[in-house]
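Each chain is listed here by its residues.
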Amino acid sequence: MWGRRALVVVAALAALVAGVAASLALGAIDVPVRDVVDALLGRGEEGPATQIVLKLRLPRTVDAILVGAALGVAGALLQGALANPLASPDVIGVTAGSGFGAILILLAFPGSVALLPLGALVFGLLAASLVFLVAWIGPDGGGVGRLILAGIAVGALFAAGTTGLMTAFPDRVQSAVFFLAGGLVSDGWDEMKVVWPYFAVGFALALCLIRPLDRLALGDDVAASLGTRPRLIRLGAGAAAALLAAASAAIAGLLGFLGLVVPHVIRMAGGTASHGFVVPASALGGAALLVAGDTLARTAKPPLELPVGPFMVVLGVPMFLWLLRKAV
Amino acid sequence: VLPRLTRRSASLAALLLAAALAAPATAAAPKRIVALSPFSANTLAALGVKPIAIGESLGGRDTFARSLRSTRVLPLAHPTGPNMEQLASLEPDLVLTSQTWRRGNRTMRNLDIRAVETEPLTVPEMYEEIEHIAALVRRRAEGRRLVARITSRVRAAMRDYQSRPRVMVVLGVGRTPYVFLGNSWGGDILQRAGARLVDADAESPSGFARISDETVVAEDPDVIIGVPHARADDLDEIRDYMRSNETWQLTSAGQNDRIFVSSDDSLLQADIDIASTIEHVRTRYLNNR
């Protein structure tokens, strides 16, 4: 069993390293590999090649690693906490909330486009807070069914708001399509400077939740008898997932597929649902998938850049279906 | 007397030197210019400046001056406009961009590229923007002459309206109609061509408002001009759809066979050849010469 898990981790790590190398070396403009290496080592000559590597490709690659890892971890946390294979950041309303926040800035306040990441982050967290508030109040508060239903309702509310905005500002809708389809943009470190603390807190919380989630997997009663508080664990997992997913949406738009599929692929490939394996391996797998997908999206039809969402689906679904068939 | 004079001369020389140092140095005109909109590209061409590259929207129907035909074209797509790697590799001194590419404009500034937004929405704004571009490329006199030339041609194109028909200009996004308002480029052009713009009293800062088919019938315009917002490949299909729109056929425009489709971008985005656009609108659509 340990050998199989190690193999999955090594494969994900190898895919990530290969993806990062391709992401830094490939793009719309041919930059010789030696120039890429020189630029990364601080030996590059001043000029467009060094600028392209350091100010465009490097920040974008780091964005892809963090967003991919965050969505993979968010999905793993939610699927574990809610004991539901269909759980993903969509379920707790984060995706719909972030979508509304970003579209609000893009369509209603296009002059303040610098606030886009903040809008996505704030509304993503607001939507998740509403879901938790509704799910925790009243009888059976904190139950899985209640949380999922609250998520669907709040998500529908924000999705309706997004549709309303798109109807009100028809001539600006095109600028929103890329965000809705999910995609990274080469625009330096600006967005990361805003959202990195949310990633940091989200990842730290995720690490703390690994053991409690393993206990929760035994069932609420058994977990409670072991001294774990199931509702508190669910709340913590939801909060961590909300932070990670909202920060991801702020940078890369709506990439719901990644958070849903990556933890499943990791679980099936590793042959275990232990969170000590699934959470970190999902981070690696998610990062590798997004870096590879983004490189493809940038280089498939240069100089045009395509949204990364469809590319990740093309890369991830065949593997997912193959593993699913094997598992059955 | 002599030492006093010498001291005074020395003080004067020092003052002149200080003034010369304090005066802003006249920066050289930018040599490597990229123009991302047809308006800025054609303005540069009219000013006698050749950009190193021009932008063209994906599937767009932009019209450029003849002198720009051999100029390198950068495809533009949301959200950033040009591909940033491609743009950086051109090492431009100045990029004339538009508000549409705000996200890209931020990135350009991060790359230490001077990015200036120029996107007029009305004819008076266009005159200001031409002078702005002329100042940026150190061709102020040519800019003033160009504005004077356009103003005079526009004045001539606006003469002697035989009639002032009620015109509804409809932007077709897919199959959803949006009416042009007075604060849009096309709305401004139509009014200068002598049309009474039918906008159902709608207001919108964007210059466009969604309308229902019932509103089109209720407003009963004399002329309807459809402006498809579509790729060039899809134009024929959309043109057929607009001309055979059953609801529009119920209006005076439909009954009198005065439903037209404008298949270029002249009513959608600013261009310096507005006199020709006004003349075309008057002759082809309004029949009021």
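Anything mentioned here points back to the structure above.
All of the points below concern the structure found in this document. Given the structure is predicted, the values throughout are model-derived calculations rather than measurements. (Residues numbered from 1 in each chain as written. Chains lettered and ligands numbered in written order. Predicted model: local features only at pLDDT ≥ 70, side-chain atom pairs only at ≥ 80, totals over all residues. Heavy atoms only, no water.)

**Things to note about the layout of surface pockets**
A volume near 430 Å³ is recorded for the second largest pocket. Of all the elements in the fold, those that place two or more residues in the lining of the second largest pocket are helix H1 (2-25), helix H11 (256-270), helix H12 (275-299) and helix H13 (308-327) of chain A. (1 Å grid on protein atoms, 1.4 Å probe; cavity = no way out; pocket = protein on both sides within 12 Å on 5 of 7 lines; lining within 4 Å. Points joined across faces, edges and corners; volume = space filled by probe spheres on them. Helix = DSSP H or I, 4+ residues; strand = E, 2+ residues; numbered from the N terminus.)

**Examining empty space enclosed by the protein**
For the structure on display, the rule yields 3 cavities of 30 Å³ or more. Quantified by volume, the largest cavity comes out at close to 90 Å³. Pro303 and Glu305 of chain A together with Ala77, Thr80 and Gly81 of chain B are, among the 13 residues lining the largest cavity, the residues nearest its centre. For the second largest cavity, the calculated volume is near 60 Å³. Leu71, Pro89, Val94, Thr95, Ala245, Ser248, Ala249, Gly253, Leu254, Leu255 and Gly256 of chain A are the residues that line the second largest cavity. Sorting the residues of the lining of the second largest cavity by element identifies helix H4 (94-108) and helix H10 (230-252) of chain A as the ones contributing at least two each.

**Digging into the interface of chain A and chain B**
With 30 residues of chain A at the contact, the number on the chain B side is 25 residues. Roughly 2,800 Å² is buried in total at the junction of chain A and chain B, and carbon and sulfur atoms are behind 60% of that figure. Of all residues in chain A, Pro170, Pro303 and Leu304 of chain A bury the most surface against chain B, accounting for 17% of the area lost on that side. For arginine 103 of chain B, the salt bridge goes to glutamate 191 of chain A, with nearest N and O atoms at 2.7 Å. Our enumeration of links across chain A and chain B arrives at 11 residue pairs in polar contact (both at pLDDT 80 or more). Mapped by element, the contributors of at least two residues to the side of chain A that touches chain B are helix H3 (48-82), helix H7 (174-181) and helix H8 (190-216) of chain A. No other element matches H3 of chain A, which puts 6 residues into the side of chain A that touches chain B. The class makeup of the residues in the side of chain A that touches chain B is 14 nonpolar, 7 polar and 9 charged. (Contact = heavy atoms within 4.5 Å. Buried area = accessible area lost by both parts, 1.4 Å probe. Salt bridge = Lys/Arg side-chain N within 4 Å of Asp/Glu carboxyl O. Polar contact = N/O pair within 3.5 Å; in protein donor to acceptor, adjacent residues only side chain to side chain. Nonpolar A, V, L, I, M, F, W, Y, C, P; charged D, E, K, R; others polar.)

**A few points about the sheet that holds strand E3 (residues 72-76) of chain B**
Residue and element names in this part refer to chain B. Taken in spatial order, the 5 strands make up an open sheet running E3-E2-E1-E4-E5, and their pairing is parallel. A single partner strand is all that each edge strand has here, and the edge strands are E3 and strand E5 (114-117). On average, adjacent strands in this sheet sit at an angle of 20 degrees to one another, irrespective of strand direction. Sheet topology places strand E1 (residues 33-35) next to strand E2 (residues 53-57); 2 bridges connect them, and they run parallel. Across the sheet, residue valine 34 finds its bridge partner in E2, namely alanine 53. Each of E1, E2 and strand E4 (94-97) is contacted by helix H2 (residues 38-46), which is oriented at about 130 degrees to E1, the strand it contacts most. Across the sheet, helix H5 (residues 123-136) is in contact with E4 and E5; its angle to E5 comes to roughly 165 degrees. (Pairing = 2+ DSSP bridges. Axes fitted to C-alpha atoms, helices over the stretch in contact; angles between N-to-C directions.)

**Examining the packing of H8 of chain A against H10 of chain A**
Each pair of packed helices can be described by the angle between their axes along with the distance between the axes. Residue and element names in this part refer to chain A. For the pair H8 and H10, the least separation of the axes is 8 Å and the interaxial angle reads 150 degrees. Here H10 runs roughly antiparallel to H8, going by the angle between their axes. The chirality of how H8 crosses H10 is left-handed. Residues that form the contact of H8 with H10 fall into these classes: 21 nonpolar, 3 polar and 2 charged. (Parallel < 35°, antiparallel > 145°, perpendicular 65-115°, else oblique. Left-handed = near helix turned anticlockwise from the far one by under 90°.)

**As for helix H5 (residues 116-136) of chain A**
Taking 1.5 Å per residue as the helical rise, H5 of chain A with its 21 residues ought to reach 30 Å, and the 30 Å between its terminal C-alpha atoms agrees with that figure. The set of residues buried in H5 of chain A consists of Leu116, Pro117, Gly119, Ala120, Leu121, Gly124, Ala127, Ala128, Val131, Phe132 and Ala135 of chain A. Each element contacted by the buried residues of H5 of chain A is listed here: H4, helix H6 (144-168), H7, H8 and H10 of chain A together with helix H4 (102-110) of chain B. Following H5 of chain A by one or two positions, glycine 138 of chain A has its phi on the positive side, about 90 degrees. (Expected span 1.5 Å × (residues − 1). Buried < 20%, exposed > 50% of the residue type's maximum accessible area, 1.4 Å probe, protein only.)

**Concerning the packing of aromatic side chains**
Residues and elements named next belong to chain A. As enumerated under the stated definition, the model contains 6 aromatic pairs over all chains in all. With centroids separated by 6.3 Å and ring planes inclined at 20 degrees, the aromatic side chains of phenylalanine 199 and phenylalanine 203 adopt a geometry described as stacked. Of this pair, phenylalanine 199 and phenylalanine 203 are both found in helix H8, 4 residues apart, which corresponds to roughly one turn of the helix. Take phenylalanine 199: its relative accessible area is 2%, and that puts it in the buried class. Here phenylalanine 203 falls in the partly exposed class, since its relative accessible area comes to 21%. The structure contains a cluster of three or more aromatic residues connected by ring pairs, namely Phe100, Phe123 and Phe158. (Phe/Tyr/Trp six-rings, centres within 6.5 Å; stacked < 30°, edge-to-face > 60°.)

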